[in-house]
Amino acid sequence: PNIQLVVVGYKDTEYFQEVAELIRNLGMEDHVICLGDRKDIPRLLFTFDIFALPSESEGFSNALLEAMAAGRPTVATHTGGNAEAVIDGITGFLVPPKDHTALAEAIVKLVENQVLRDSMRQEGQRRVAEVFTLGAMLARTEEFYDYLLIREAATEGLTKRVNYGTAKRLAKILISYILYYSGILGACKMARAMKPKVLAYHSISAI
């Protein structure tokens, strides 16, 4: 009874109208607040105790990483890239899509356990800082280019002639071109005042 659910986004959709009607029919207006689209997400995140992402499907969720970076313990559905971001039971909870019972149970666990919330807050921030920052992405991209260059040389029977330092320099040049022409650097400059800063990306397979 002392919990408030805050829903952000999607206010001008038919789906939202269905949800709003359900809230009214259940008499839940005092417990469910629908904010609509907002541009002050960092400020909102720091007002929440728990972040829930009950999507039926996902690609790789920026919203989930932003919440973890802000130190919010998370509950997310086990779909798309959510399992790449959340370590179930460590940085948050993963529940099956469309399973409202499992979703509610996971949220209640966090509501009732301050120690668990604090632990997941710290572990979530640590995971974002170690895996999903711009620096981490650049390091992995550089490693990937090194791998490709060395593999190509080995395929041609020129392994002994490969200068590893040259390979790294070439990788850095390629990365700099990617960053410049993709607009990532410009976006980072524009977002300097925004905290937390997160760059999301999919895993790169060597195959």
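Shown above is the structure to which this text applies.
Definitions and limits used
- Residues numbered from 1 in each chain as written.
- Predicted model: local features only at pLDDT ≥ 70, side-chain atom pairs only at ≥ 80, totals over all residues.
- Heavy atoms only, no water.
- Helix = DSSP H or I, 4+ residues; strand = E, 2+ residues; numbered from the N terminus.
- Buried < 20%, exposed > 50% of the residue type's maximum accessible area, 1.4 Å probe, protein only.
- Patch = residues over 30% accessible without salt bridge, like charges linked within 9 Å, V, L, I, M, F, W, Y side chains within 5 Å.
- Areas by Shrake-Rupley, 256 points an atom, 1.4 Å probe, with all protein chains shown as cover.
- Salt bridge = Lys/Arg side-chain N within 4 Å of Asp/Glu carboxyl O.
- Expected span 1.5 Å × (residues − 1).
- Arc of directions from axis to C-beta.
- Contact = heavy atoms within 4.5 Å.
- Phe/Tyr/Trp six-rings, centres within 6.5 Å; stacked < 30°, edge-to-face > 60°.
- Pairing = 2+ DSSP bridges.
- Axes fitted to C-alpha atoms, helices over the stretch in contact; angles between N-to-C directions.

### A look at the overall build of the protein chain
Next, step 1: Helix and strand counts for the protein chain stand at nine helices and five strands.
Next, step 2: Helices and strands appear in the protein chain in the N-to-C order β-α-β-α-β-α-β-α-β-α-α-α-α-α.
Next, step 3: Each of the 207 residues in the protein chain was classed as buried or not, and the buried ones make up 30%.

### Points about a nonpolar patch on the surface
Next, step 1: A contiguous nonpolar surface patch, about 280 Å² in accessible area, is contributed by Leu 22, Leu 26 and Met 28.
Next, step 2: Within the secondary structure layout, Met 28 lies in the loop between helix H1 (14-25) and strand E2 (32-36).
Next, step 3: For Met 28, a relative accessible area of 32% puts it in the partly exposed group.

### What about helix H5 (residues 100-112)?
Next, step 1: An ideal rise of 1.5 Å per residue puts 18 Å on 13 residues; H5 measures up with 18 Å between its terminal C-alpha atoms.
Next, step 2: Here H5 has its buried residues at Ala 102, Leu 103, Ala 106 and Leu 110. For H5, the arc enclosing every buried residue in end-on projection is 105°, short of the 170-degree limit, so these residues lie on one face. Seen from the buried face of H5, the exposed residues on the opposite side, beyond 90 degrees, are His 100 and Glu 112.
Next, step 3: Its buried side turned inward, H5 meets strand E4 (74-77), strand E5 (92-95) and helix H6 (114-131).

### Observations regarding the packing of aromatic side chains
How two aromatic rings sit relative to each other is given by the distance of their centres and the angle of their planes.
Next, step 1: Under the criterion given, the structure shown has two aromatic pairs.
Next, step 2: Ring centres of Phe 60 and Phe 132 lie 5.6 Å apart, and the angle between their planes is 45°; this geometry places the pair in the tilted category. Of the two residues, Phe 60 sits in the loop between strand E3 (51-53) and helix H3 (62-69) while Phe 132 sits in the loop between H6 and helix H7 (134-155), which places them 72 residues apart along the sequence.
Next, step 3: Residue Phe 60 is classed as buried on the basis of its relative accessible area of 12%.

### Looking at the sheet that holds E5
Next, step 1: Taken together, three strands build an open sheet; the order of strands is E3-E4-E5 and the sheet is parallel. At either margin of the open sheet sits one strand with a lone partner, and together these are E3 and E5. Neighbour-to-neighbour, the strand axes of this sheet turn through a mean angle of 10°, independent of strand direction.
Next, step 2: Pairing of E4 with E5 involves four bridges; the strand directions are parallel.

Function cannot be read off these values alone, since they describe shape.
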